[in-house]
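Single-letter residue listing:
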Amino acid sequence: MSSANEPALPQTGCVRFKRLALGVVVLGVFAILAFAGSSVYDAWRAYHTAIAATNRETGNVAKALAEQTAWTWQAVDLLLRDTARWYVNDSHKIAPERLDDVLASRTAGVRQVRLITIVDAQGIQRHRSRGSSPPNLDVSDRSYFIAQRDRTATGLFMSEPLITRSENRAGVILSRRLDDDKGEFAGVITAIVDLEDLKQFYGAVNLGRGSAIHLLRADGTLLVRNPPTPAAVGQRFPELAAQSNAPETPLESPIDGKRHFIAVARVRDTNLALAVTREEAVALRPWRDEAIRLGLRTLIITLLGALTIVALLRQLRRVEAGERALRESEERYALAMEGANEGHWDWDVATDRLFLSPKMKILTGITQDSAITTRTAWMAAIVIHPDDVPRREAAVREHFEGHTPRYECEYRVRQPGGTWGWLLARGRFLRDSTGKPYRFVGSAIEITAQKQAQIDKDHLEAQLRQSQKMEAIGTLAGGIAHDFNNILGAILGYGELAHQQSAPGSTLRRYLDNVMHAAERAKALVDRILGFSRSGLGERVPMNVQSVIEETLELLAASLPPGIRLERTLEAGNAAVIGDATHLHQVMMNLGTNALHAMAHGGVLSVVLECVELSEGKTFSRGSVTPGSYVRLAVIDTGTGIPPAVLERMFDPFFTTKGVGAGTGLGLSLVHGIVTELGGAIDVTTQPGEGTTFEIWLPVAGETGRPFVAAARELPRGGGETVMIVDDESSLVALAEETLAELGYEPVGFESSSAALQALRAEPERFDLILTDEAMPDLIGTELASDIRRIRPDVPIILMSGHGGPQLAKRAAAIGVNEVLRKPLQRRDLAEALARVLTAPVHSIPC
């Protein structure tokens with residue numbers, strides 16, 4: 001920042017501070033006034049709410065009590081109607097002295113009725129439900145009798161409150177008229193309702209202090225009041241009974257002169273009214289208490305608001321003083337983070353607010369202008385590799401719970417181009433005094449290049465270890481195959497001799513056929529072991545790949561199980577690969593057989609052969625290739641796929657997932673050995689439940705035509721040439737002597753290479769050809785051949801080996817060995833090899 005801009009900062013800061021200070025004062029005053037207005041409004045609303053609640057409560061109580069009173073009066077009226085009907089129609093059937101008892105039994109079910117009486121037409125009480133009537137008790141002057149006699153009232157008539165003459169108790173009398181069968185007045189039936197019972201009923205209703213219940217007649221005569229006011233009972237209060245609805249404002253009560261909220265409800269089917277009152281002072285006391293609390297709270301909040309404004313103004317001065325230092329510190333931090341090429345984040349755990357630096361957004365695959373303000377939105381916007389999600393979540397959780405001192409994790413994030421970028425994230429949770437995390441801060445750096453370098457290094461090391469392991473096992477297997485070949489050679493040789501001497505169709509011929517068949521199977525097994533150990537002595541010549549694959553597929557197609565279809569796409573033309581056609585045949589046959597076994601329930605076996613030009617090198621599951629021309633052989637099945645545990649070990653020798661007797665475990669190890677020998681690579685892709693694809697990549701060595709298939713020839717025969725036979729196995733020496741003698745040669749056998757060398761030195765011109773084994777205890781075959789070349793450079797030499805390979809063939813050729821044969825040998829092998837190396841005339845004999 002230039003010095004010309006320095007003076008502007010304090011001035012700008014001062015203006016901003018004044019604006020902030022004014023804004024704080026204005027907002028503070030507005031907030032205080034708003035709060036005061038809110039308090040006034042709350043008090044006004046609480047006042048009207050208290051009035052409405054009081055009116056609602058008193059009105060509901062009045063209606064409920066009025067309805068209950070109506071049911072009481074209705075029950076009494078029902079009793080009067082029923083008793084009147086009984087008295088007029090059926091009372092003559094009962095003795096007069098028992099009528100009082102019948103009345104008592106009828107009254108027993110209605111608790112509110114204290115007494116039922118029957119008065120005759122002259123007003124004399126004749127019968128009653130309890131006690132005995134005073135003699136000639138005259139009630140003709142009572143209002144209820146006069147009203148019923150003169151028909152001034154119809155139906156049920158209720159008297160004013162009175163004191164009964166028979167019991168001297170306060171009550172009201174409900175009466176109905178009695179008519180005889182001519183319709184003439186016959187008397188009155190009455191029910192005395194004891195006011196004390198009504199007082200007890202209303203007294204059980206607790207409405208609180210300052211509340212009262214009133215039962216009045218329509219003319220305002222007060223019958224019952226709770227709490228009781230004896231002086232007012234019987235008096236008229238027409239203005240109280242005249243109220244129909246609860247007024248919004250309290251009225252002055254005519255009973256006690258206080259202001260009351262009054263609710264009046266009419267008693268159904270009667271001339272009664274029930275009024276519930278509540279004193280204004282009692283009803284509004286909660287509101288007054290609340291209003292006082294609101295006033296005090298408003299005063300306290302106003303004082304606190306003023307103090308807060310003052311404190312904020314002082315704090316603004318401190319903030320302005322530290323703002324420049326903070327800005328400069330942030331600028332230095334941003335420059336440091338940019339120089340370190342790191343992104344950083346800051347997450348508020350409680351609010352989920354998140355800050356991401358522009359570099360952090362780029363590292364996690366989102367644009368700098370993305371509006372990401374919460375961690376939830378950030379996690380929804382980025383794509384973390386599924387394999388890394390559990391590890392990353394575990395690292396965050398472990399540090400969040402306090403199990404680790406810091407957070408550190410490597411994981412992959414998808415970039416805008418679809419690639420995966422590796423990040424190394426480090427961070428730490430900040431904790432409060434209780435240990436609870438409240439903030440998470442950290443940084444991240446891209447480590448894609450470092451991870452790729454480490455992956456390449458690990459892959460190369462794994463390949464090296466695998467190669468070393470396969471080489472060690474191959475050496476061991478080759479040694480075992482050599483020893484077995486010596487034994488197998490004797491079996492095959494003598495078996496052929498015995499087979500020739502046996503009569504066709506005889507039992508012996510059948511037994512020998514089985515022996516030869518078993519020996520051929522053993523020889524094939526040894527060939528597979530030698531192929532795995534890369535010690536085979538196959539001829540390395542250009543071979544037409546497509547013709548070998550076509551021939552192998554014809555064999556596979558002839559033995560396809562039901563439900564499996566073979567699809568082939570062979571487009572390699574005349575592309576040639578340097579190697580042995582037999583080995584390539586074994587590769588295709590083993591891969592095809594494994595594919596068929598993987599489709600036990602049917603499927604499709606697809607074989608693709610094509611030429612591919614690679615512009616850059618590639619690394620596969622087994623091996624790697626450099627840029628150039630390649631033949632790609634793909635064997636694809638729709639079987640069960642290969643589990644990960646099997647995928648890692650399937651190229652190991654003798655590893656098999658098949659049952660006992662169903663596999664040797666050498667198929668894929670043989671494929672690996674042959675492909676490696678041919679300078680190629682293997683790639684395997686599999687999906688459990690969907691199938692597997694094996695790809696064989698072999699370097700192209702120009703073009704070659706399809707091979708010519710020659711007709712079978714008879715075995716060539718010798719012309720009496722003397723052949724030196726050298727082998728440390730006596731049985732093989734004897735077998736070779738017998739075989740060569742039958743072929744027309746003069747064999748001379750030696751079981752020691754030293755003895756053979758001495759015989760040659762003694763008579764150098766005696767021998768026309770040397771046939772020697774390679775592995776012998778004294779002198780190995782190549783050493784013997786070297787010594788012989790110094791004695792007789794022109795003598796033909798044939799080397800035999802059960803454990804050879806390209807290195808042996810190369811070493812033998814350098815010494816001057818004419819041919820290298822692989823054990824176990826059969827008659828044709830020996831006959832044709834000797835005929836090729838000898839210059840003497842060859843006479844053919846039938847095979």
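Residues numbered from 1 in each chain as written. Predicted model: local features only at pLDDT ≥ 70, side-chain atom pairs only at ≥ 80, totals over all residues. Heavy atoms only, no water.

**Considerations on the sheet that holds strand 14 (residues 407–414)**
Step number 1: Pairing is antiparallel across the open sheet formed by five strands, whose spatial order is 13-12-16-15-14. Strands at the two margins of the open sheet, each flanked by one partner only, are strand 13 (354–356) and strand 14. Neighbouring strand axes in the sheet, compared pairwise and without regard to direction, differ in orientation by 20° on average.
Step number 2: Inspection of the sheet shows strand 14 paired to strand 15 (residues 420–431) by eight bridges, in the antiparallel sense. Bridged to Cys409 within strand 15 is Ala425.
Step number 3: Contacts from helix 10 (residues 389–400) reach strand 14, strand 15 and strand 16 (437–446) within the one sheet, and its direction differs from that of strand 14 by about 150°. (Pairing = 2+ DSSP bridges. Helix = DSSP H or I, 4+ residues; strand = E, 2+ residues; numbered from the N terminus. Axes fitted to C-alpha atoms, helices over the stretch in contact; angles between N-to-C directions. Contact = heavy atoms within 4.5 Å.)

**Some words on helix 13 (residues 545–558)**
Step number 1: The first and last C-alpha atoms of helix 13 sit 20 Å apart over 14 residues, in line with the 20 Å expected at 1.5 Å per residue.
Step number 2: Among the residues of helix 13, Val545, Gln546, Ser547, Val548, Ile549, Thr552, Leu553 and Leu556 are the ones counted as buried.
Step number 3: Here the buried face of helix 13 lies against strand 17 (541–544), strand 18 (564–570), strand 19 (576–579), helix 14 (581–598), strand 20 (603–614) and strand 23 (628–637).
Step number 4: The N-capping residue of helix 13, defined by a side-chain oxygen 3.2 Å from the backbone nitrogen of Gln546, is Asn544. (Expected span 1.5 Å × (residues − 1). Buried < 20%, exposed > 50% of the residue type's maximum accessible area, 1.4 Å probe, protein only. Polar contact = N/O pair within 3.5 Å; in protein donor to acceptor, adjacent residues only side chain to side chain.)

**Let's talk about the sheet that holds strand 30 (residues 797–801)**
Neighbouring strands of a sheet are bound in pairs by backbone hydrogen bonds; such pairs are parallel or else antiparallel.
Step number 1: Strands sit in the order 28-27-29-30-31 across an open sheet of five strands; the sheet is parallel. Of all strands in the sheet, those with a lone pairing partner are strand 28 (746–750) and strand 31 (819–822), marking the two edges. Across the sheet, the axes of successive neighbouring strands diverge by a mean angle of 20°, strand direction being ignored.
Step number 2: Relative to strand 31, strand 30 runs parallel, the two sharing four bridges. Each residue of the ladder has a partner; that of Met800, found in strand 31, is Leu821.
Step number 3: Strand contacts of helix 17 (residues 730–742): strand 27 (722–726), strand 28 and strand 29 (769–773), with the helix running at about 175° to strand 28, the strand carrying the most contacts.
Step number 4: Along the sheet, helix 18 (residues 753–762) contacts strand 27 and strand 28; its crossing angle with strand 27, the most-contacted strand, is approximately 150°.

**What about the environment of Arg828?**
Step number 1: As for its position among the elements, Arg828 is in helix 21 (residues 827–837).
Step number 2: It is 6.2 Å that separates the C-alpha atoms of Arg828 and Leu715, two residues lying 113 residues apart in sequence.

**Digging into the nonpolar core**
Step number 1: With 40 residues, the main nonpolar core has Ile549, Val607, Phe694 and Ile696 as its most contacted residues.
Step number 2: Sorting the residues of this core by element identifies helix 13, strand 18, helix 14, strand 20, strand 23, helix 16 (667–677), strand 24 (681–687) and strand 25 (691–699) as the ones contributing at least two each.
Step number 3: The leading source of residues in this core is helix 14, at six residues.
Step number 4: Counting residues in each nonpolar core, the second largest holds 39 residues, with Val61, Leu99, Leu103 and Leu272 among its members. (Core = buried A, V, L, I, M, F, W, Y, C linked by side-chain atoms within 4.5 Å.)

**Thoughts on unusual backbone geometry**
Step number 1: Geometrically, the link from Asn226 to Pro227 is a cis peptide bond, its omega value of 5° lying close to zero.
Step number 2: Within the secondary structure, Pro227 is located in the loop between strand 8 (222–226) and helix 5 (238–241).
Step number 3: Positive phi, normally seen in glycine, also occurs at Asp352, with a value near 70°.
Step number 4: Relative to the assigned elements, Asp352 resides in the loop between strand 12 (343–348) and strand 13.

**Some words on the side chain of Arg128**
Step number 1: Along the polypeptide, Arg128 turns up in strand 2 (residues 125–128).
Step number 2: Side-chain polar atoms of Arg128 contact the side chain of Gln125, separated by 3.3 Å.

**Points about the pairing of strand 6 (residues 185–194)**
Step number 1: Among the 10 residues of strand 6, nine are classified as buried, and the element is accordingly described as predominantly covered.
Step number 2: Judged from the seven bridges that link them, strand 1 (residues 113–120) and strand 6 form a sheet pairing that is antiparallel. Each bridged residue has a counterpart across the sheet, and for Val119 the counterpart in strand 6 is Val188.
Step number 3: Pairing of strand 5 (residues 170–179) with strand 6 involves nine bridges; the strand directions are antiparallel. From the neighbouring strand, Ser175 faces strand 6, where its bridge partner is Thr190.
Step number 4: Between strand 5 and the antiparallel strand that follows it, strand 6, lie five residues; Gly183 among them carries a positive phi value of about 85°.

**Digging into the packing of aromatic side chains**
Each pair of aromatic rings is reported with the distance of its centres and the angle of its planes.
Step number 1: Tallied over the full model, the rule gives 14 aromatic pairs.
Step number 2: Ring centres of Trp345 and Tyr407 lie 6.4 Å apart, and the angle between their planes is 75°; this geometry places the pair in the edge-to-face category. Of the two residues, Trp345 is situated in strand 12 and Tyr407 in strand 14; the sequence distance between them amounts to 62 residues.
Step number 3: Under the relative-accessibility criterion, Trp345 is labelled buried at 7%. (Phe/Tyr/Trp six-rings, centres within 6.5 Å; stacked < 30°, edge-to-face > 60°.)

**What about the confidence of the model for the chain?**
Do not read the predicted coordinates in detail wherever pLDDT is low.
Step number 1: Counting all residues, the mean pLDDT for the chain is 81, and 86% of those residues have values of 70 or more.
Step number 2: pLDDT under 50 marks residues 1–10. Its contacts with residues more than four places away, or in other chains, come to five contacts.
Step number 3: Under a pLDDT of 50 for its full length, residues 840–847 has, in the predicted model, 18 contacts with residues more than four places off or in other chains. (pLDDT = per-residue confidence, 0-100.)

**Section: the environment of Arg568**
Step number 1: For Arg568, the location among the structural elements is in strand 18.
Step number 2: For the pair Arg568 and Val635, spaced 67 residues apart in sequence, the C-alpha separation works out to 9.5 Å.
Step number 3: A polar contact of 3.3 Å, which involves the side chain of Arg568, links it to the side chain of Glu554.

**A look at the pattern of salt bridges**
Step number 1: In total, this model carries 32 salt bridges according to the counting rule given.
Step number 2: When the shortest N-O distance is used, the salt bridge between Arg149 and Asp150 registers 3.1 Å.
Step number 3: Residue Arg149 is classed as partly exposed on the basis of its relative accessible area, which comes to 37%.
Step number 4: Where Arg632 meets Glu610, a salt bridge forms, and the shortest distance between an N and an O atom there is 2.6 Å. (Salt bridge = Lys/Arg side-chain N within 4 Å of Asp/Glu carboxyl O.)

**Topic: the pairing of strand 23**
Step number 1: Burial analysis of strand 23 places eight of its 10 residues in the buried class, the great majority of the element.
Step number 2: When strand 20 meets strand 23, the two strands line up antiparallel, connected through 10 bridges. For Leu614, the partnering residue across the bridge sits in strand 23 and is Gly628.

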